[in-house]
There are 2 protein chains.
Amino acid sequence: MVAAATREAVLAAVEEVGFVPNRAARRLVSGRSDAIGVLVPDITNPYFGAMVQAIQGDARRDGLAVLIADTGADPAEERRALQALSRQVDGLVAVTPITDLAAATVPVVAVNRQLRNHASVVVDQDAIAHLALGHLVDLGHRRIAVVRGPAAYWSAMRRDRAVERFAAGAEGCRIDLIGPAPATFEGGRTAYGAVDSSGASAVVAFNDLQATGLLVAAGEAGREVPSSLTVVGSDGLGLAAMTAPPLTTVAAPLEELGRTSRQLLGELLQDASGARRVTLSPRLVVRRTSAAPVVITRKTRHHRGRTHHVPRS
Amino acid sequence: MVAAATREAVLAAVEEVGFVPNRAARRLVSGRSDAIGVLVPDITNPYFGAMVQAIQGDARRDGLAVLIADTGADPAEERRALQALSRQVDGLVAVTPITDLAAATVPVVAVNRQLRNHASVVVDQDAIAHLALGHLVDLGHRRIAVVRGPAAYWSAMRRDRAVERFAAGAEGCRIDLIGPAPATFEGGRTAYGAVDSSGASAVVAFNDLQATGLLVAAGEAGREVPSSLTVVGSDGLGLAAMTAPPLTTVAAPLEELGRTSRQLLGELLQDASGARRVTLSPRLVVRRTSAAPVVITRKTRHHRGRTHHVPRS
DNA sequence: GCAGCGCCTGCAAACGTTTGCAGGAAGTGT
DNA sequence: ACACTTCCTGCAAACGTTTGCAGGCGCTGC
């Protein structure tokens, strides 16, 4: 609402004097903080690290500060953090799988779970299940174990449902559900026993951490991957490329997940009514832990023929 | 400066009405923000994740908000972030290995490097070198490769010096310096070639990520760990326990590193003159990637006797 | 009864913005 | 020359604290 020439002059003067607006004063009168918060259960986990990275990169570009709270997955702590953050930010992104978000007094975007009255960004669990199981079936596997994630996770619940649907439609193919097991290395490691005794030739883990645990446990048990057991993870962490052999996994679009949640939060701050839900698609990354099952009879050899078309990374 | 009874009454009233002081107003007049910033090059790296976790846990307990900036190790971005954060926080912790901290206008605590006029918390690089190399010598290794970290890192520079000193004092023991190599999985992986051709029976990596790369590269080259090559890492990340075989490493006191830097920053905010420097001690964690070297001659067999006393985790 | 002390109340200034409004100066069209 | 528009200046209120000071009330000790 000023003439262009004046604007230039003002800007030049600002530059010359080195004027920087005082954020506290601005906040006081405007009521906004120009900050957003990110709630995570464990920042040490690269999954959440990637999330924070994407969110803060975008936010800082827009002049938003990013406050972080690592709750250690402790419900009491989460509640406290939620309330504390609510007073310091304009809105927040909750990447915590089981937090009660009702305590928040600012707009919240939930990542990887859908709740009533909340914006959310999730990875398509159906697609994860189909990508992983489809890959295994294509390779010729007919006895597949699936390790379930923690029952309280929205994503685990959805994944289980997707797996069950897939199982119902896959003739001549037996799928055993194992667990639930914690979404950790140890969770995968201890789940190996059940996987082994299930007689499966391939196993789909709930995430990459679990898959790594399964890999290590299989190694310790003397079972070779992928020749004797195929392992497929999910998440697409950098870690997955560092295992031996490197892990076949269904990669979540981590970067996009972060950016989208940041963007949804932005929309929410402008217009609280538009609590959108978006679903992002995962991508199968075939590395070296997946292969056709060991050939035992002529019949199974028949199936192997189908695998020849499968691309290997 | 009020009577105890009055204080109680006031507190009760505060509770009843649900009064919460407005941070913006408080900041405006007090000039403090009750916030600290953490600068990291890559939050996806669990080393920095652990740092952030420890810092923010402590800080939030004291009512301090924690702002985070992930700079992607880009100098321009680091400069920008440093200036932006300076205006929003009372002080910051810089866990970035090569940032120019001069642009900061608030007190800064540097982690893992020492600078003039800056408080710092570092891990004793001398101890890391001695712990790792001493362990290998005790096991009987006489040809040891050490992969150097990036030349611009203070910690790498110190580590190199410590290694050289150790080498000078270790008779009958040859130590080859490899690199510098990036402090990453890929860095370790590509360094393997040089390690192999150096003829060493053991290698000390600059950090756990590098060590993991070495482990994988060795596996791909058909060289068994630890029977044919001993690998020792450094950092003590959770990742180190997830490798196959689990990694012997010199663990940094990550939690303590974070807490101490937080505390030093606190002291600095009270009294800017006391820019303390503290050095923390690492700890050798022996797992399964270290063993006595392969016996080739009677002479080397003689050395093996010394290893029997070495505790294995 | 009075000085002195401990505690409290009440008031006002200051922090650095945003926002809105009143007024004025210059330029445009008739 | 007059009304009108466009752009600008200047002033003042408001945001919710902190900080400091002046004054008052009641109690204690002499």
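Residues numbered from 1 in each chain as written. Chains lettered and ligands numbered in written order. Predicted model: local features only at pLDDT ≥ 70, side-chain atom pairs only at ≥ 80, totals over all residues.

Participant: So what's going on with the protein's contact with DNA strand C? Residues and values would help.
Facilitator: Surveying the vicinity of DNA strand C reveals 13 residues, the closest of which are Asn22 and Ala25 of chain A together with Val2, Ala3 and Thr6 of chain B. Elements with a contribution of two residues or more to the surface near DNA strand C: α2 (23-30) of chain A together with α1 (4-17) and α2 (23-30) of chain B. Among the elements that line the surface near DNA strand C, the one with the most residues is α2 of chain A, at 5 residues. Residue classes in the surface near DNA strand C are distributed as 9 nonpolar, 3 polar and 1 charged. (Near = placed C-beta within 6 Å. Helix = DSSP H or I, 4+ residues; strand = E, 2+ residues; numbered from the N terminus. Nonpolar A, V, L, I, M, F, W, Y, C, P; charged D, E, K, R; others polar.)

Participant: Provide a residue-level description of the packing of helix α3 (residues 46-61) of chain B against helix α9 (residues 254-270) of chain B, including the pertinent values.
Facilitator: Residues and elements named next belong to chain B. Two numbers describe how α3 lies on α9: the axes approach to 8 Å, and their chain directions differ by 50°. Between α3 and α9, the angle falls in the class oblique. Of the two possible hands of crossing, α3 and α9 adopt the one that is right-handed. For the pair α3 and α9, contact is made by Ala50, Met51, Gln53, Ala54, Ile55, Asp58 and Ala59 and by Leu254, Glu255, Leu257, Gly258, Arg259, Ser261 and Arg262, respectively. Considering only residue class, the contact of α3 with α9 consists of 7 nonpolar, 3 polar and 4 charged. (Axes fitted to C-alpha atoms, helices over the stretch in contact; angles between N-to-C directions. Parallel < 35°, antiparallel > 145°, perpendicular 65-115°, else oblique. Left-handed = near helix turned anticlockwise from the far one by under 90°. Contact = placed C-beta atoms within 7 Å.)

Participant: If you had to explain the sheet that holds strand β9 (residues 230-235) of chain A to someone new, which residues and values would you point to?
Facilitator: All names here are of chain A. With mixed pairing, the 6 strands of this open sheet are ordered in space as β7-β6-β8-β9-β10-β12. The sheet is open, and its two borders are formed by β7 (174-178) and β12 (283-285), each paired with just one other strand. This sheet shows a mean twist of 20° between the axes of neighbouring strands, independent of strand direction. Packed on one face of the sheet, helix α5 (residues 125-139) meets β6 (143-147), β8 (202-204), β9, β10 (248-251) and β12 and runs near 160° to β9. (Pairing = 2+ DSSP bridges.)

Participant: Report on the protein's contact with DNA strand D, specifying residues and quantitative values.
Facilitator: Neighbouring residues of DNA strand D: 13 residues in total, closest Val2, Ala3 and Thr6 of chain A together with Asn22 and Ala25 of chain B. Only α1 (4-17) and α2 of chain A together with α2 of chain B provide two or more residues apiece to the surface near DNA strand D. Residue contributions to the surface near DNA strand D peak at 5 residues, all from α2 of chain B.

Participant: Break down the domain arrangement of chain A for me, with residues and values.
Facilitator: Residue and element names in this part refer to chain A. The assigned domain composition of chain A is domain 1 (4-122 + 255-280) and domain 2 (125-252 + 284-309). At the interface, 8 residues of domain 1 touch 9 residues of domain 2. Broken down by class, the residue content of the side of domain 1 that touches domain 2 amounts to 5 nonpolar, 2 polar and 1 charged. (Domains from an automatic or database assignment.)

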